[in-house]
Structure formats: C-alpha cells, structure tokens
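Listed below, chain by chain, are the residues.
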Amino acid sequence: MTAAIELTGITKRFPGVIANDNVNLTVKKGEIHAICGENGAGKSTLMKILYGMQSADEGTMKVYGDVVNFNTPNDAIDRGIGMVHQHFMLADQLTVLENIILGAEPTSGGVIKFKEAEAHLAQVAADYGLTIDPNDMVETLEVGERQRVEIIKVLYRGADILILDEPTAVLVPQEVEALFDNMRELKAAGSTIIFIDHKLDEVLEISDSITVLRHGKTVASMANDGVTAHDLAELMVGSELPTPDTAESTVTDTVALEVQGVTVKAEDGRDVVENINFSIHKGEILGIAGVEGNGQGELIDAIIGTTDVSAGSIDLHGVNITKMSVRKRRELGIGYVPEDRHHEGLMLDSPLWENAALGHQTQAPYGSRWLINRDGARNQTELIKEQFDVRTPNIDVSAHALSGGNQQKLIIGRELTSNPSLLIAAHPTRGIDVGAQAAVWEQIRTARAEGLATLLISADLDELIGLSDTIVVMLRGRLVARLAPEDVTPRDLGAYMTGAATQNTDEAA
Amino acid sequence: MSKFNELPAWLRWPIYALLGILLLTLVQIISDTDRLTRVSTSREMLRWAVPIFLAGLGGLFSERAGVVNIGLEGMVILGMWFGAWGSITYGPWIGLLIGIFGGALGGLLHAIATVTFNVDHIISGVAINILAPAITRYLSDEVWASPTTSPATSTPDRYDLPILGGGTVGGWESPDILQSVAQREWFFVSETAELLRGLTTNLHFVSIVSLLLVPFTSWLIWRTRFGLRLRISGENPNAGEAQGINIVFYKYVGVIISGGLAGLGGAFISTELSGLFQGGNSAGRGFIGLAALIFGNWRPGGVLFGALLFGYVFGLDLKDLDGTASHALLLVNTIVLAGVVVWALARKRISDAVLAGLLGLGAFYWWLSAEAVPGWWSNILPYVLVLLVLVFFAQRLRMPVALGQPYRKGGR
Amino acid sequence: MRRMLFSLAAPVGAFVVTIIISSIALMLFGSNPISAFGDMLGHAAKLETQVDILNRATPLYISAIAAAIGFRMNLFNIGVEGQYLFAFLIAAQVGSLVVLPQVFHILLITTVAVAVGAAYAGIAGVLKVTRGVNEVISTIMLNAIAISGLIAFLQQRWQAEQENFTSTTLGTNPIEESGLIPNINGLLEIFTRDIGQGKELTGMLIVAGVVGFGYHFLLTRMRFGFDLRASGMNPFAARAGGVPPKQMVVAAMVLSGAAAGLIGLVELNEKAKFSPNPIKGLGFAGIAVALLGRNHPAGMIFAALLFAFLDVSAGILQNTQAATKEIVNIMQGIVLLVAVIAYGVTGRIQAREEARATAEALQETEGRVTEGTEVAV
C-alpha cells in the first residue's frame, strides 16, 4: 500500500538557522501519526512546507505516491491536505459559514450560493458528528468551538489528510478528551491525521505511529507499540526531560503582596476578576492554575498596574499600591515577566541594552528621573549577559536577532538583577528550549531562596506543581481552589480548572 | 431601541434621514428661513456629496481589504486632472473614464508601496498626497501652459427621473409627482418631497451612478465571492491565505478600485462642479470622504448618509449668504446634542452626557444671542461634525480588524 | 561601517531613481534634463541662492522635527500644517499689539507661537486618549478647521478693525523691529563675502539648530526620549515597563505642536506680520522631510536642504525656461515615495542580515547549532 504522505530529505534554512535538516517522514493512509519534538525542533516548519505555506530548499514530497511540489496552500488543498493551525485562522467578524466556505465558495457567476453552502456544511457536520451553528459570528464562540470550526473548515473542502498543529495547547484535559474522540471518528471515517504535540502522554494515547524530531532532524520513527514516555523524552531532548523540583521551603512569615477583594471589570461591564483574595510571603512562590482567559491575565494587569481595579486593594509590603502608576509600582520593586515576550516584553528592533533598561529606566544603573545613563545601562546589560547566559555576540544587536530562549533569559535577567521584592512571572518558560527552561527555573529558585515573593502563572502544569509553594486555581474570574503542590496531579488540577471538581470556597479564600 | 438596531441597514438609514427632515421642518417653523428644506439646498447637497461619497466608497474598498487610504485626496486630485484633460480632449464620457483611470493610477501606486513593499499605509498616503498635486501642476503647465487652471471642460447632460422627477421617457413627459406633493404644503410630507426633488431632478450621470453604487456595493461586499475574499483580506489575511486565497491580489484590486472611485469623484469635480481643472478645487473632499467612511462605519449606506450630511452643511452654506439658515442649523445642533445627552444617560455614560450637554448649551446660547452666524462657521461645521461624531461614537465603530497592519505572505 | 553604508544606500539610490524618472518626465515634454539640472546646480553655486536655500530649509527642518517627534512613537501628527499657520497668526497679532525691549518682545512672540501650536496639537492628543479618536483623522479635521475657519475668521475680523484699509496693510498689523529676530548675515560673512541682492539669512537658522540639537539630546540622552521611543517601538512593552501611554500621547502631541509653532516664525521675522497669503504647505513638506531623513536629526538636515534646493531651483528654471518649474515638486514627491520604499526594503534586509550574523557569531564561538526557528524578521 502506498503511503499517504512520504517526505524525503526535506531541508529548510532560515538566516542563521537550519529549521529542517534532511527530514524524512512517512505517514500511512488512515492512521493517526504523531510528530513530536520540543519547541524549535522544526515541527511547525515541516508542516508549513507540507501545506505549501513555505517551500523546502531541498527534498521531495509524495502524496499517495505522486511527487508533488506545493507553492501555495491551494496546491496542498487540491491534493486533499488540510491544516488546522495552532493559532486559529478565523476572522472574528465573519460568520462561521463564511469562515468555512472561504476559498471554496459555491458560486454561480461569482455570487455565493449560501443555501447550498449551508446544506453542504450540514452534511459534512453530520458525517463526522460535529455540530456548529453556521450563522454565529466567530467572535462569540468559545475556544473549543473555534477549534471545531477549524476542523470542519478543513473537512468541508474534502481533505482526507489532516494536519493538526498542537491542537491540545489551548485545551484543558477534559476538552482534549473530546478532541480525541473527534479524531477517532475522523479516523474511522477514513481520514489520515498528522498530529503535532509535545505532551507525551497525549501522543501515546492517541497515535498509531510516532516520528520524533530534534534540532531539525528526524531522530526516530516508530509504531506506537510498547513505546514509553521515557523513551520518547530521551529521543526528544537527547537526554532525560528535566522537571522542576523545588527544594525545601523558603517561605517566611513576612507578607510581601496582599491582594484583598480585587475585582476587575471588562469594557462591557462584566467582572472578569471577581473578589480575589490572597497573599504571598517573602520566599514564597504562589502558582495560579487556570485555563487561559479565566481572568489570570487581568489579575496580573491589575497587580502590575496596567488595568484599574473596580474594587479591592493591593498592598506591597504594607504600602497600598492600588492606585499607583505602573512606574511607581516598578520603582517599589515589582518585576514582571510578561506572558508574551514579543508583545509586552521586548522592543524587537532596539538593541539589547535598551531592552534591558526597559521597565527600569528611571532607576540606577539605567537612568534617573530625567536622564538615561548609557554607560550604566550597558555595563548592567553585560552583567545580565554573563550571569544569565544570554547567548549573543554583543549587547548592541537587536532583540529580534536572538533566539526565543535567549530573549527570555534577557527578560528574566533584567527583572531579577533589578532586585525585585515581588516577581510576576507569566509563562516564564513558554516557547523556549529545554536548556533555557532549566536555567530559568534555577534562577527563579535562587531568587526565591533570597526572599523573593513570586506570583507564577503557567499553562505547563508540571512547571506549576514543581515550582510553587502554594497553588490556587482560577475559574471564571474567581479563586476556586487552594492546593498544596505535593499532593496534586496535573489531572486533579485540570478538574478544578474546568470546574469538574470543586472545593469549599471559604477554604480557597 | 435594540429592535431598531436589528433592522437592516437599508431601512435604518432612511429612517434616520426622515427623522432628520422632520427636525429640519420643525426648526424651520420658528426660524426666519425656509432654506433648510428647499430643493436648491438638496441639489447643492447632492453636488457636494457625490465626490465625497465616491471618495468615501473608494476608501471602503481599500479599507475593507485592510489598506488605510489617506491618499484618497491625492487620488481625487489625479482624477480631477485626468478627467478634465479627457473631457477637453475626447469629450465628456471618455473624460469620466480617463478620470477613473487617473485615480486608479494613484491607487496602483499606493498598492505597490503598501502591499508589495510594506510601506506604512499612512506614510504612503502622505507621499501620494504630496506627489499628486505636483504631477497635476506639472502636467497642467506642460499641456495648458498654466500650472493651476485648465480651459473649460465639458460634461454630460443632466436628467430628470421619470415619474418622480417629471423626466421624459421616449418622448412621453411623465408626471412630476414629487413636485405636486411639494406644492401641497402638507406638513413634513411636502418638505420631504421638496428635498427629494433635489435627488430626482436635474441629475448628473455620475450622481445617478453614485446612488446606484450603494446597493451594488452592498451586494458585492456581502453576497459575492469577490466581496468575501476582499473582506477576509482586511479581517484576517493570514486566515485567507491559509485557505488558498491570493490576498495580495485582492488587496491590489481593492486599492485600485479605491483610486478609481476617488478618481471618478475628482472627474466629477473638474467637469461638473467647477467646469475646469483648478488646483485646490478638491477642497479636501478626499479627506472628508475618509471621514464619511468612518462615520458610516465602513458600510456603503453609512458612507452615503455621511456624505449627504456633510454635503448638506456645505451646500446650505453656498445658498446662505446672510447666515440665517446656518443660524437655524444651530438649533438643529442643539436638539441633536440633547438627543445625544438622553442616549448617553440611558447608557449611563455620564461623561458623554456632560460633554454633549455643555456643547448643546453652547449651541443653544449662540442661537439665542445671534441673528445670523458668520460664514466661517459653516466652513468648519462639517469638520466639527466629524470630530463630534468621532468623539461620541469612536468606540462603537467597527473597523476591519487587520486594517493598517502589514501583511507578508507566509507570515514572514 | 557596514551599517553606515547600508543606511546611505537607500537615500542615495532613491535620489538616483528620482533623477532618472524626472529626466524621463522632462524628455517626454521636450525639455533637456541635462541643461535643466545644470541650470539648477549652477544657480545653487551662488552664495545668494545658498542663502535662499538655508532660509527655506530652516522652516522645513523645524517642521520635520515636529513631525518626527510624533513619528518616533508611531503617532501621526498630520496637523503640523494647521498648527503652524494658527500659531503664526496668533503670534503675529500678539506681537503687533505691544512694544517691549527686544529680548522680551522676541521671547513673548516665540512663547505665544509655541504655546498656540502646542495647545492646538494637544487637542488631538487629548481626543485620542480620552475618546479614542484616531489622531490622523482628528488632525486632518483640525487642519481644515484652523485654515478654512479660524484663520479666515480672525483675518476678516482684524482687517475690519483696521483703519485706512489698503492692500499693503492687509494682514495683521506690522510688528515693531524690537519683536524680530535679526538676520545673521554677519555670521555668514565671517566665512564668506558680503551677501548681495538684499538677501538676509534668517536668524531662525540658529533656532532650528537648537531645536535639532534638543531633539537629538531628548531622544538619546533623556529618559523622556527613551520612553517616547519605547512607546513607538512597542507600546505594550513600554506600558508594562512603566511608561504611561496616555500621558505620552498627549506629551508627544504637545511637544510636536510646540515645535510646529516655531515654523511660522521664519516668515514672521521676514515680513513682520501675518500676510493674507502666508507660505502654506510647510507642514506637509515637513512630514516628507522627516520621512526622507528617517526622523534622524542629521538625516533631516540633508533632507531639508534637498527639498529647499529643489524649491529654490523652481525660480531659476522659470527664468531660463530650461524646463517647467513644477518638475521640482515632482522630484520631491518621487524621492519621498522611492525613499520610503527603499527604507522598508533595506530595513528588512538589514534585520535578516543581523539575525544571520548573530547566529553565525554564536556558532563560531560555541561550535554548536543554535536552537529555535523563531527568527522574527
């Protein structure tokens, strides 16, 4: 039997980086084939090449035995390949139907036959057991529904080879189960699925075959038959996966941050953060677990000061900072590692030393109320470069020239070297390689031992459990559980995060 | 109120318009003027509104495709010159086509800069606004030996609509229903008919086309494949690309159509409004068109409504040498602002209510204390109006999500 | 060094392309480009012409800085045009009402101009932060309001109050000598010869120099300048880094308007009043100069000189009939458009180059492949 997909010797270079280095991949028809590898291993690039969004520098691609050469996604679509992107490719202000038919609109003389499209959509949805209202605006949909729209979109165009790029990244464990059920139905209906993931338990649960990439190369390809997570981990990183593990507790009795009754309203007047109470002591790491979009982001914004609170108070070392500007809070010692370093962390086109000064430009050694101290800032940046192992030829290169991990180390470095008394760390190791991840954990732990209070938010539940002294769970803007990391599993956390399990709220507060 | 918002746009805009006419009629009762509802006023309104509308509609095509177009002004100017040159050289009809072509050239330039080379949209627009008058001055000087004016241009004949405007159809002179209604002195109904006559009689070909472009554009944008693909280019181009759509093509087409429409507006100015090409005669209509686009929330009907509103204020001013009609308009302003106060209070937007209240009191005081307003006030009223609309409603407007953002194929 | 060459390549290339395109335009209509450009250069070689060029470059440079202050934080102050004309009018009127000792009189006029420009631009800033009104639209509207409304109104009003109303007294009342910044011919003549033809080198040239230096110091040495640039580079990162976004928008608009207020003083010092036909278009030209000079204090000097040279050349072309003088405006437009495209292209190449060089440097020092495909270009 010919394979559905056969890639041979695929190579793709970007300036300074080889994203894919002689990659081989064979996917049999009707199987679920997982591709795993850590961040930056070249999985997404490979899939973009297979989907015609980028072209390979070298190598051949075969679909059902025919050699193909894709220049645009259209070429791939014509061959029955469809892709569900990690970041949803949906237009919020278009309807579900419009999003789905886009690119394959049934028309007569250029006019869209909406009735016919709707009938076809209903047919596809029924065939695969997926439901959706075609006339909803996409902006009104939940994450899980959006993903369903993405999958239907691909099926609508008759794809029988589906590429799912990290589909579980945005889902909680319970939603992942629903997705896997859908995938099994698709497989039963004859589809071939390529499934990208780096969560090993998920890979082992759903896939028939597994291909592992590391540093842009294929390191193994095997049937899911007697393989263990341990084996996969070793293949992925070349050694055992590190897990964060907090040493003995350094929690003191001194309260650093006290949050009382904090409520934040969204623009439409809804409470997105509702009556939150907690405190963090010096030397303590408080982890907040929660599905994205349940108010964690707004809570951080309220503490750093980029959002106003509508009720409640925030005290830092006994000083009420509720109404203070971001700058004053920064000067009082709040360090901030933002969730998305490109969005809130860096000026990508500015040199590293200016990036290091950002957030601390009013304080020595970077500057003062009126002036910037260029020498001071540069010396400090050199220091960060050494201490935090930021791999860069010099501190004058632009931030965009660094790899993600080094960018993150620079941010962590600039925040920790400014001697903060409170660190807000949102997803501090998201999207960086394993080596950098371990370094970041180590640095946070060292600072904790020196008395730093840390508010940690992470979607990586292992990280959360491994680093935190206390874990609270946030759901729909409220704290719904307070847990000790020693006796909680990621699965338990998932249950609290989705509201499947509950805890007495008095206890949580 | 929410029920009203659910009505389709083609019903909502006429209702707004009727409310506006009712207001004008009422104000006129206690004022020293009847110009607010004269046919000459509405005729001037339309003449002003057409180029504003065409520029605004041009902006709609460009911005729906995600490209900000403040170069509209330059494209209007190009249309003015090319339209004038075409009409002088080849006659009125070809003149209009050449005007469209001239504007489209400006659009093409904007597309090359913004889509292919990813130049910031505002910057490219500013460059085109600097380049366009320079080109037209140079060409004028070379062709007509004067950098600022051309010889007289020619323009197609005007029409009256049959039945509604007493036009002739195949030799048969149809009745003029609106005129007979307008003469009855039925409260509000006659005023409405009188104002409508400005839109049905003595119409320029381009005016008729403009009015027809509203339903046509709505159909094109929301019902056709082209429209859907144009919109995805402005809403989420990467999603469109992932579905195999050639985003660059649709952006180019959108921006070129944009230039063509602005060019038609320019040709209308130089062939119909001023009867010659004259530098500076665009009078910022490209910019006002952009304002009409925003006012109209990126929808064709809204753009027309905005253009007519601005055209009304400009047009009224032309026939209002003693300033009494503009004075009466102050009372209209007061009442509308009072309406905004009520609206804001109902939504518990106190600062809006206070602001509108203060502005309304100011307008009312001015109305009470003066007999007439000076000419400069009507000159700036449309611009003030745009600012006020933005001040009160900017946060309610829904522009295309990816408007103004750079787009690169393959996300790189 | 490489960086320097790179950043010079784009403007030089743009200029060459402009020469080529405008030569074609000239030849299309039967003019000889070589004799036209020759006339322009020959004219510019004269000291008196150079004085004209400097006098023209002065307001262009100030205008460019006004625009650049906004551009540096991605704020588009399209309203420089209205701000400077409005400030010019009010300053001229206030200056004509009083007679003071020279220093105070000049300071008064300058302060009024700066304050009016700042306040008028500030409106757009306040509307943006309090009501979310896009500054491009609001400044365009404010331009129209200032130029076709307020200025027309005040001119009418003040003219109506004047006795013995004649064409020579049009405009505001003349300002006494004490309110005018003296010319700096003397300064120039130290290095050269006497300036003939009654030409005067504007004293505002020194003010422009001070403004340029101030702009440079602000951006590279001052915390406020750092905040400004940070907001322009990444407003979200700046906000998280303690830069107050709303205050910055208002401050940048006000500062930009303050600089804009100075533009009209060049003409004020020359004519001692606001005439009915002041030089218009300096605001838009300033935007062009800022873009051409990449918002860089030195780059904008060259751009302002180039634009001024082209403006002044229009006169000689008209005299010698070598070409239609409007060609100079075309050249300004083309050089701007080609330059912004060229900057975009070289900027991207440079960024890619930098990413590659960085990765290579690391490979050499460490002998290993760096990880991560995230190359944000």
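Predicted model only: the values in this text are computed from it and were never measured.

Rules used in this analysis
- Residues numbered from 1 in each chain as written.
- Chains lettered and ligands numbered in written order.
- Predicted model: local features only at pLDDT ≥ 70, side-chain atom pairs only at ≥ 80, totals over all residues.
- Heavy atoms only, no water.
- Helix = DSSP H or I, 4+ residues; strand = E, 2+ residues; numbered from the N terminus.
- Rg over C-alpha atoms; globule rule 2.2 N^0.38 Å.
- Buried < 20%, exposed > 50% of the residue type's maximum accessible area, 1.4 Å probe, protein only.
- 1 Å grid on protein atoms, 1.4 Å probe; cavity = no way out; pocket = protein on both sides within 12 Å on 5 of 7 lines; lining within 4 Å.
- Points joined across faces, edges and corners; volume = space filled by probe spheres on them.
- Nonpolar A, V, L, I, M, F, W, Y, C, P; charged D, E, K, R; others polar.
- Pairing = 2+ DSSP bridges.
- Contact = heavy atoms within 4.5 Å.
- Buried area = accessible area lost by both parts, 1.4 Å probe.
- Salt bridge = Lys/Arg side-chain N within 4 Å of Asp/Glu carboxyl O.
- Polar contact = N/O pair within 3.5 Å; in protein donor to acceptor, adjacent residues only side chain to side chain.
- Axes fitted to C-alpha atoms, helices over the stretch in contact; angles between N-to-C directions.
- Domains from an automatic or database assignment.
- Core = buried A, V, L, I, M, F, W, Y, C linked by side-chain atoms within 4.5 Å.
- Patch = residues over 30% accessible without salt bridge, like charges linked within 9 Å, V, L, I, M, F, W, Y side chains within 5 Å.
- Areas by Shrake-Rupley, 256 points an atom, 1.4 Å probe, with all protein chains shown as cover.
- Phe/Tyr/Trp six-rings, centres within 6.5 Å; stacked < 30°, edge-to-face > 60°.

**Focus on the overall build of chain C**
Each helix and strand counted, chain C has 14 helices and 0 strands in total. Order of helices (α) and strands (β) in chain C, N terminus to C terminus: α-α-α-α-α-α-α-α-α-α-α-α-α-α. Relative to its length of 377 residues, chain C is compact, with a C-alpha radius of gyration of 23 Å against a globular reference of 21 Å. Considered along the principal axes of its C-alpha atoms, chain C spans approximately 85 × 55 × 40 Å. Counting over 377 residues, chain C shows a buried share of 56%.

**Looking at the overall build of chain A**
Helix and strand content of chain A: 18 helices and 22 strands. Its C-alpha atoms give chain A a radius of gyration of 24 Å, near enough to 23 Å, the size a compact globule of 509 residues would have. If one aligns the C-alpha atoms of chain A with their principal axes, the spans along those axes are about 70 × 50 × 50 Å. Across the 509 residues that make up chain A, the buried fraction comes to 57%.

**Considerations on empty space enclosed by the protein**
Sizing a probe to match a water molecule and rolling it over the atoms shows the empty space that remains. Within the structure shown, the criterion is met by 5 cavities of 30 Å³ or more. Roughly 90 Å³ of internal volume is contained in the second largest cavity. In terms of lining, the second largest cavity is formed by 14 residues, of which the most central are Tyr51(A), Gly82(A), Met83(A), Val154(A) and Gln243(B). Among the secondary structure elements, those contributing two or more residues to the lining of the second largest cavity are strand E6 (81-84) and helix H5 (143-156) of chain A. Looking at the lining of the second largest cavity, its residues break down into 8 nonpolar, 3 polar and 3 charged.

**Here's the deal with helix H13 (residues 285-295) of chain B**
Residue and element names in this part refer to chain B. Buried residues dominate H13, accounting for 11 of its 11 residues. Of all the residues in H13, the buried ones are Arg285, Gly286, Phe287, Ile288, Gly289, Leu290, Ala291, Ala292, Leu293, Ile294 and Phe295. Asn297 sits one or two residues past H13 and shows a positive phi near 55 degrees.

**Concerning the pairing of strand E13 (residues 255-265) of chain A**
Residues and elements named next belong to chain A. With 7 bridges connecting them, E13 and strand E14 (residues 271-281) associate as antiparallel partners. Bridge pairing in E14 links Val264 to Val273. Where E13 folds back on E14, the antiparallel hairpin that results is connected by 5 residues, among which Gly269 adopts a positive phi of roughly 90 degrees.

**Quick word on the interface of chain A and chain C**
Contact with chain A, which involves 46 residues of that partner, is made by 41 residues of chain C. For the pairing of chain A and chain C, the buried interface totals around 3,800 Å² over both sides, and the portion due to carbon and sulfur atoms is 58%. Across the chain A-chain C interface, the total number found is 3 salt bridges. Notably, a salt bridge pairs Asp227(C) with Arg327(A), separated by 3.0 Å at the nearest N-O pair. Taken together, the links from chain A to chain C amount to 13 residue pairs in polar contact (both at pLDDT 80 or more). Mapped onto the side of chain A that touches chain C, the elements with two or more residues apiece are strand E2 (17-27), helix H10 (326-331), helix H11 (341-345) and helix H12 (352-357) of chain A. For the side of chain A that touches chain C, the element with the most residues is H11(A), which contributes 5 residues.

**Digging into the interface of chain B and chain A**
Each partner contributes residues to the interface: chain B has 25 residues there, and chain A has 31 residues. Applying the counting criterion to the chain B and chain A interface returns 3 salt bridges. Where Arg231(B) meets Glu98(A), a salt bridge forms, and the shortest distance between an N and an O atom there is 2.9 Å. Counting across the chain B and chain A interface gives 11 residue pairs in polar contact (both at pLDDT 80 or more).

**Quick notes on helix H10 (residues 225-235) of chain B**
An α-helix turns once every 3.6 residues. As a result, residues three or four positions apart point the same way. For H10(B), the buried fraction is high: 10 of the 11 residues fall into the buried class. Of all the positions in H10(B), only Phe226(B), Gly227(B), Leu228(B), Arg229(B), Leu230(B), Arg231(B), Ile232(B), Ser233(B), Gly234(B) and Glu235(B) are classed as buried. Where H10(B) is buried, its residues contact helix H3 (96-101) and strand E8 (111-112) of chain A together with helix H3 (39-64), helix H9 (205-223), helix H11 (237-242) and helix H12 (247-273) of chain B.

**With respect to the pattern of salt bridges**
Enumeration over the complete set of coordinates arrives at 40 salt bridges over all chains. Across the pair Arg47(B) and Glu44(B) runs a salt bridge whose closest N-O atoms are separated by 3.6 Å. Of this pair, Arg47(B) and Glu44(B) both sit in helix H3, 3 residues apart, which is roughly one turn of the helix. Given the relative accessible area of 25%, Arg47(B) is considered partly exposed. Across the pair Asp311(C) and Arg56(C) runs a salt bridge, and its minimum N-O distance is 2.8 Å.

**Focus: the sheet that holds strand E10 (residues 192-196) of chain A**
All names here are of chain A. Read from one edge of the open sheet, 6 strands run E6-E9-E10-E3-E11-E12, paired in mixed fashion. Both edges of this open sheet fall to E6 and strand E12 (217-223), since each of them pairs with a single strand only. Shown here is a sheet whose adjacent strand axes are inclined to one another by a mean of 15 degrees, direction ignored. The sheet contact formed by strand E3 (residues 32-36) and E10 spans 4 bridges and is parallel. The residue of E10 that forms the bridge with Ala34 is Phe195. Strands E3, E6, strand E9 (161-165), E10 and strand E11 (209-214) of the sheet are contacted by helix H1 (residues 43-50), whose axis makes an angle of about 150 degrees with E10. Contacts from H5 reach E6 and E9 within the one sheet, and its direction differs from that of E6 by about 170 degrees.

**Considering the domain arrangement of chain A**
Taken as a whole, chain A is organised into domain 1 (5-237), domain 2 (242-333 + 420-509) and domain 3 (345-419). Computed over C-alpha atoms, the centres of domain 1 of chain A and domain 2 of chain A are 34 Å apart.

**As for the sheet that holds strand E22 (residues 478-483) of chain A**
Residue and element names in this part refer to chain A. Spatially, 6 strands are ordered E18-E19-E20-E15-E21-E22 in an open sheet, and the strand pairing comes out mixed. The sheet is open, and its two borders are formed by strand E18 (334-337) and E22, each paired with just one other strand. The mean inter-strand angle of the sheet, taken between neighbouring strand axes irrespective of direction, is 20 degrees. Here strand E21 (residues 470-475) runs beside E22; their pairing, made up of 5 bridges, is antiparallel. When the sheet's bridge partners are listed, Ile471 is paired in E22 with Leu483.

**Brief notes about the nonpolar core**
Note that soluble globular proteins tend to have their nonpolar side chains buried in a common cluster. With 326 residues, the main nonpolar core has Met183(A), Val473(A), Leu493(A), Leu36(B), Phe53(B), Leu268(C) and Ile327(C) as its most contacted residues. At 13 residues, the largest contribution of residues to this core is made by helix H14 (residues 327-366) of chain C. The next biggest cluster of nonpolar side chains, apart from the first, holds 34 residues, and it includes Val262(A), Ile276(A), Ala302(A) and Leu455(A).

**Observations concerning the environment of Ala291(B)**
Tracing the backbone shows Ala291(B) in helix H13. In this structure Ala291(B) comes out as buried when scored by relative accessible area, which is 2%. For the pair Ala291(B) and Val214(B), spaced 77 residues apart in the sequence, the C-alpha separation amounts to 17 Å. Those residues in contact with Ala291(B) that lie beyond four places of it in its chain are Phe310(B), Val386(B) and Met141(C).

**Some points on a nonpolar patch on the surface**
Together, Val143(B), Leu8(C), Val12(C), Val16(C), Ile20(C), Ile24(C), Met27(C), Leu28(C) and Phe29(C) make up an exposed nonpolar region whose accessible area comes to about 820 Å². Considering every element that reaches the nonpolar patch, the biggest residue donor is helix H1 (residues 2-28) of chain C, with 7 residues. Along the chain, Phe29(C) falls in the loop between H1 and helix H2 (33-44).

**Thoughts on the side chain of Arg146(A)**
Residue and element names in this part refer to chain A. In this structure, Arg146 sits in helix H5. Taking the relative accessible area as the measure of exposure, Arg146 reaches 17% and is therefore buried. What Arg146 contacts, discounting residues up to four positions off in sequence, is Phe88, Leu90, Asp92, Val138, Glu139 and Leu141.

**Focus on the packing of aromatic side chains**
Residue and element names in this part refer to chain B. Per the stated rule, a full pass over the model turns up 25 aromatic pairs over all chains. Here the aromatic rings of Phe82 and Phe101 are separated by 6.5 Å at their centres, their planes lie at 80 degrees, and the arrangement is edge-to-face. Of this pair, Phe82 sits in helix H4 (residues 72-90) while Phe101 sits in helix H5 (residues 92-116); the two residues are 19 residues apart in sequence, bridging distant segments of the chain. According to the relative accessible area criterion, Phe101 is partly exposed, its value standing at 49%. Measuring from ring centre to ring centre gives 6.3 Å for Phe295 and Phe305, while their planes differ by 10 degrees; the resulting arrangement is stacked.

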